Amino acid sequence: MGIIALIIFGFLVLAFILIFRKRHDDSVQRMMKQNHNVMPLFKEKSARIKYHTLHKVLKHDPTPLQTLEQLQRDYNDKLVDIEVYYDALEELEQQYLKH
């Protein structure tokens, strides 16, 4: 009698796991579809930090500062996406910041 109860309990646990996993996978897929076009938040925050750092460093150098501010305006006006903006900031950072 005890072994039969354990087998039934095992099947119930297995059924619960399978149902839970299916529901969890469905909710993860729905969330991924909803977040498909969301801008990468870490890259956005990193770009913001790079911009402020470069702005402080370049405040006495007008030509690169104008380039930086134009890049910021283009990004804010959605003329360039986060990837292009981040890469351009990275390039400016390599040119003007000494690590």
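Residues numbered from 1 in each chain as written. Predicted model: local features only at pLDDT ≥ 70, side-chain atom pairs only at ≥ 80, totals over all residues. Heavy atoms only, no water.

Draft legend 1. Quick look at the pattern of salt bridges. Summed over all chains, the structure comprises 6 salt bridges. One salt bridge in this structure joins K43 and E83, with 2.9 Å as the shortest N-O distance. Residue K43 is found in helix α2 (residues 41-57), and its partner E83 is found in helix α4 (residues 82-96); the two are separated by 40 residues along the sequence. Judged by its relative accessible area of 24%, K43 falls in the partly exposed class. Two residues, K50 and E90, come together in a salt bridge whose shortest N-O distance is 2.9 Å. On the criterion of sequence distance, the pair formed by K50 in helix α2 and E90 in helix α4 is long-range, its members being 40 residues apart. Overall, the relative accessible area of 11% leaves K50 in the buried class. (Salt bridge = Lys/Arg side-chain N within 4 Å of Asp/Glu carboxyl O. Helix = DSSP H or I, 4+ residues; strand = E, 2+ residues; numbered from the N terminus. Buried < 20%, exposed > 50% of the residue type's maximum accessible area, 1.4 Å probe, protein only.)

Draft legend 2. Structural detail: the nonpolar core. Counting residues in hydrophobic clusters, the biggest one holds 14 residues, and the most contacted among them are A47, L54, L68, Y85 and L89. Looking at this core, the elements that each hand over two or more residues are α2, α3 (62-76) and α4. Excluding its chain neighbours within four sequence positions, the residues that come into contact with L89 are A47, K50, Y51, L54, L68 and L71. (Core = buried A, V, L, I, M, F, W, Y, C linked by side-chain atoms within 4.5 Å. Contact = heavy atoms within 4.5 Å.)

Draft legend 3. The arrangement of the environment of Y85 in detail. Residue position: Y85 is located in helix α4. Sequence separation between Y85 and Q66 is 19 residues, and the spatial gap between their C-alpha atoms is 15 Å. If we skip the residues at most four places from it in the chain, Y85 touches A47, Y51, L71, Q72, Y75 and V80.

Draft legend 4. Fine view of α4. Between its terminal C-alpha atoms α4 stretches 21 Å, which fits the 21 Å expected from 15 residues at 1.5 Å a residue. Restricting attention to buried positions, one finds in α4 the residues I82, Y85, Y86, L89, L92 and E93. In a view along the axis of α4, the buried residues occupy a sector of 125°, so they form one face of it. Buried-residue contacts for α4 involve α2 and α3. (Expected span 1.5 Å × (residues − 1). Arc of directions from axis to C-beta.)

Draft legend 5. Structural context of the packing of aromatic side chains. Overall, the coordinates contain 2 aromatic pairs when judged by the stated rule. A ring pair is formed by F16 and F20, whose centres lie 6.3 Å apart and whose planes are at 20°; its orientation type is stacked. Remark: F20 and F16 occur in helix α1 (residues 2-34); sequence separation between them is 4 residues, near one turn of the helix. Exposure class is identical for F16 and F20. Each is exposed. Centroid distance Y75 to Y85: 4.2 Å. Interplanar angle 5°. Geometry classified as stacked. With Y75 in helix α3 and Y85 in helix α4, this residue pair connects regions lying 10 residues apart in the sequence. (Phe/Tyr/Trp six-rings, centres within 6.5 Å; stacked < 30°, edge-to-face > 60°.)

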